[in-house]
Amino acid sequence: MSNAKAQAANFPFCTIEPNVGVITVPDERLTKLAELVHPEKIVPTTVEIVDIAGLVKGASKGEGLGNKFLANIRETDAIIHVLRCFDDANVVHVDGSVNPVRDKEIIDAELQIKDLETIESRIAKIQKQAQTGGDKSAKLAFDVLSKYKDALERGFNARTVGFETKDEQKIAHDLFLLTAKPVLYVCNVDEGSAVTGNNYVELLRAATISEGAEILVVAAKIEGEIAELDTYEEREMFLKEIGLTESGVNRLIKAAYKLLDLETFLTAGPQEVRAWTYRKGSKAPQCAGVIHTDFEKGFIRAEVIKYADYIAYGSEAAVKEAGKMNVEGKDYIVRDGDIMHFRFNV
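Residues numbered from 1 in each chain as written. Predicted model: local features only at pLDDT ≥ 70, side-chain atom pairs only at ≥ 80, totals over all residues. Heavy atoms only, no water.

## Here's the deal with the overall build of the chain
Moving on, step 1. For the chain, the helix and strand inventory stands at 13 helices and eleven strands.
Moving on, step 2. Within the chain, buried positions represent 43% of all 346 residues. (Helix = DSSP H or I, 4+ residues; strand = E, 2+ residues; numbered from the N terminus. Buried < 20%, exposed > 50% of the residue type's maximum accessible area, 1.4 Å probe, protein only.)

## Regarding the sheet that holds strand S4 (residues 79-85)
Moving on, step 1. Read from one edge to the other, the open sheet built from three strands follows the order S4-S5-S6, with strand pairing classed as parallel. If you trace the sheet from one side to the other, it starts and ends with S4 and strand S6 (215-218), each paired once. Each strand of the sheet is rotated relative to its neighbour by a mean of 25 degrees, with strand direction disregarded.
Moving on, step 2. Relative to strand S5 (residues 183-189), S4 runs parallel, the two sharing seven bridges. The residue of S5 that forms the bridge with Arg84 is Asn188.
Moving on, step 3. Sheet strands in contact with helix H3 (residues 100-132) are S4 and S5, and its direction is about 145 degrees off that of S4. (Pairing = 2+ DSSP bridges. Axes fitted to C-alpha atoms, helices over the stretch in contact; angles between N-to-C directions. Contact = heavy atoms within 4.5 Å.)

## Some thoughts on the side chain of Thr267
Moving on, step 1. Along the chain, Thr267 falls in strand S7 (residues 262-268).
Moving on, step 2. One polar contact links Thr267 to Trp276, side chain to side chain, over a distance of 2.9 Å. (Polar contact = N/O pair within 3.5 Å; in protein donor to acceptor, adjacent residues only side chain to side chain.)

## Remarks on the packing of aromatic side chains
Moving on, step 1. Taken as a whole and judged by the stated rule, the model has six aromatic pairs.
Moving on, step 2. For the ring pair Phe265 and Tyr278, a centre distance of 6.0 Å and an interplane angle of 45 degrees mean the geometry is tilted. With Phe265 in strand S7 and Tyr278 in strand S8 (residues 272-279), this residue pair connects regions lying 13 residues apart in the sequence. The exposure classification of Phe265 matches that of Tyr278, with both residues buried.
Moving on, step 3. Joined through ring pairs, the aromatic side chains of Phe265, Trp276, Tyr278, Phe299 and Phe342 make up one cluster. (Phe/Tyr/Trp six-rings, centres within 6.5 Å; stacked < 30°, edge-to-face > 60°.)

## What to know about helix H10 (residues 284-291)
Moving on, step 1. Within H10, burial applies to Ala284, Pro285, Cys287, Ala288 and Gly289.
Moving on, step 2. The inward-facing, buried residues of H10 abut S7, S8, helix H11 (293-297), strand S9 (299-305) and strand S11 (339-344).

## Let's talk about the nonpolar core
Moving on, step 1. If you look at the biggest cluster of nonpolar residues, it comprises 26 residues, and the most contacted ones within it are Leu111, Cys187, Val189 and Val201.
Moving on, step 2. Secondary-structure elements contributing two or more residues to this core are helix H2 (66-74), S4, H3, S5, helix H6 (199-207), S6, helix H7 (220-228) and helix H8 (232-242).
Moving on, step 3. Here this core takes four residues from S5, the largest share from any one element.
Moving on, step 4. Ala130, Phe142, Phe163 and Leu177 belong to the second-largest nonpolar core, a separate cluster that totals 19 residues. (Core = buried A, V, L, I, M, F, W, Y, C linked by side-chain atoms within 4.5 Å.)

## Topic: the pairing of S9
Moving on, step 1. Most of S9 is tucked away: five of the seven residues are buried.
Moving on, step 2. The pairing of S9 with S11 spans six bridges and is classified as antiparallel. Of the residues in S11, the one forming a bridge with Ala302 is Phe342.

## Let's talk about helix H4 (residues 136-153)
Moving on, step 1. Over its 18 residues, H4 extends 26 Å from the first C-alpha to the last, a length consistent with the 26 Å expected when each residue adds 1.5 Å.
Moving on, step 2. Those residues of H4 not exposed but buried are Ala138, Ala141, Phe142, Val144, Leu145, Tyr148, Ala151 and Leu152.
Moving on, step 3. Of the surrounding elements, those touching the buried residues of H4 are H3 and helix H5 (166-173).
Moving on, step 4. Just downstream of H4, Gly155 is the residue with a positive phi angle, here 85 degrees. (Expected span 1.5 Å × (residues − 1).)

## Thoughts on a negative patch on the surface
Moving on, step 1. A surface patch of like charges, here negative, comprises Asp230, Glu233, Glu234 and Glu236.
Moving on, step 2. Considering the arrangement of structural elements, one finds Glu233 in helix H8. (Patch = residues over 30% accessible without salt bridge, like charges linked within 9 Å, V, L, I, M, F, W, Y side chains within 5 Å. Areas by Shrake-Rupley, 256 points an atom, 1.4 Å probe, with all protein chains shown as cover. Salt bridge = Lys/Arg side-chain N within 4 Å of Asp/Glu carboxyl O. Lys, Arg positive; Asp, Glu negative; His and termini not counted. Charge placed at Lys NZ, Arg CZ, Asp CG, Glu CD.)

## Notes on the pattern of salt bridges
Moving on, step 1. This model, assessed by the stated rule, comprises 21 salt bridges.
Moving on, step 2. The salt bridge involving Lys170 is made with Asp174; its shortest N-O contact spans 2.6 Å.
Moving on, step 3. Given the relative accessible area of 53%, Lys170 is considered exposed.
Moving on, step 4. Take Asp174: its relative accessible area is 33%, and that puts it in the partly exposed class.
Moving on, step 5. The partner of Lys320 in a salt bridge is Glu316, and the shortest N-O contact between them spans 3.3 Å. Taken together, the positions of Lys320 and Glu316, both in helix H13 (residues 316-321) and four residues apart, correspond to about one turn of that helix.
Moving on, step 6. Each member of the salt-bridge network shares a partner with another, and the members are Lys104, Asp108, Arg159 and Glu211.

## So, the packing of H4 against H5
Moving on, step 1. One way to put it is that H4 packs onto H5 with a least axis distance of 10 Å and a crossing angle of 60 degrees. Handedness of the H4/H5 crossing: right-handed. Where H4 approaches H5, its residues Leu140, Ala141, Val144, Lys147 and Tyr148 are matched on the opposing element by Asp167, Glu168, Ile171 and Ala172.
Moving on, step 2. Taken together, the residues that form the contact of H4 with H5 break down as six nonpolar, no polar and three charged. (Left-handed = near helix turned anticlockwise from the far one by under 90°. Nonpolar A, V, L, I, M, F, W, Y, C, P; charged D, E, K, R; others polar.)

## Remarks on the packing of H7 against H8
Moving on, step 1. Contact pair H7 / H8: the axes reach a minimum separation of 9 Å and the direction vectors enclose 150 degrees. Between H7 and H8, the crossing angle belongs to the class labelled roughly antiparallel. The two elements H7 and H8 meet at a crossing, and its hand is right-handed. The segment H7 lies against H8, with Ile222, Glu225, Ile226 and Ala227 engaging Arg235, Phe238, Leu239 and Ile242. (Parallel < 35°, antiparallel > 145°, perpendicular 65-115°, else oblique.)

Now the structure itself:
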């Protein structure tokens, strides 16, 4: 994905330290805007993906390099869980056979055990306070912890537990539970299954139906071959030949971006056409702060052009002339693809 050339060898624990790749988020809108604006440079937004080696059964008790890997997972915002969904006698499997549902369940169980340890140690600290004193915050925390404990003991991930109030949600968030993180399942299939998927993928789909998680089918071998091609045209031709409209890497990056509840607003001018990342649902001043904290502090207004209007009219001047540029205040909720210009005074 990142051309970082991480080691990938045919034996367990080939990767010990996590490999970090800063990946460009593909966005065709930047190219189209640049054709109209002719900027000095195009600056896409990025997402950081950490490749952490797989866990084995017993990782929560320190088997393999379990504790180290679990600590690495704790630092991430979301989990992309890559599962082997191909047969190849030449590629070893740590458990001796290919079974993505079993592999998923092993990881889930190890993460759940670790989360249960976290929950139980927190409960031990506040139980007395919550049950005997008049401490409302301790009681609320105890209720949140108890809900999680019940779910984890029944084999459910923490992300299946919902909380209604903001106070509960904050307590839940501050626990940084491993199984509370949003998850995307990536099925690594053989070349022949890149377009249609296979029986392994269908088994995983059935096993994860209650989670509502997205499943992506990617043939890593093909992706490796695509990455070796020099030009965009060659890559497009290769994809067409095998029946794909977009590379698995591009689909994966977009899905990861969406999983984190992120969207993009754009800025366009002679110096640069640029994409900026913001949390979905953010208001104009918060998005201004993504560019610079001073923009948020001294926010006056935002001038907003819809991407479709910019493309249709061909320039900022033509959009203004057509009355299609909106002036928005502090309560404006930014939409994905908005082209923004902020007015501020510090």
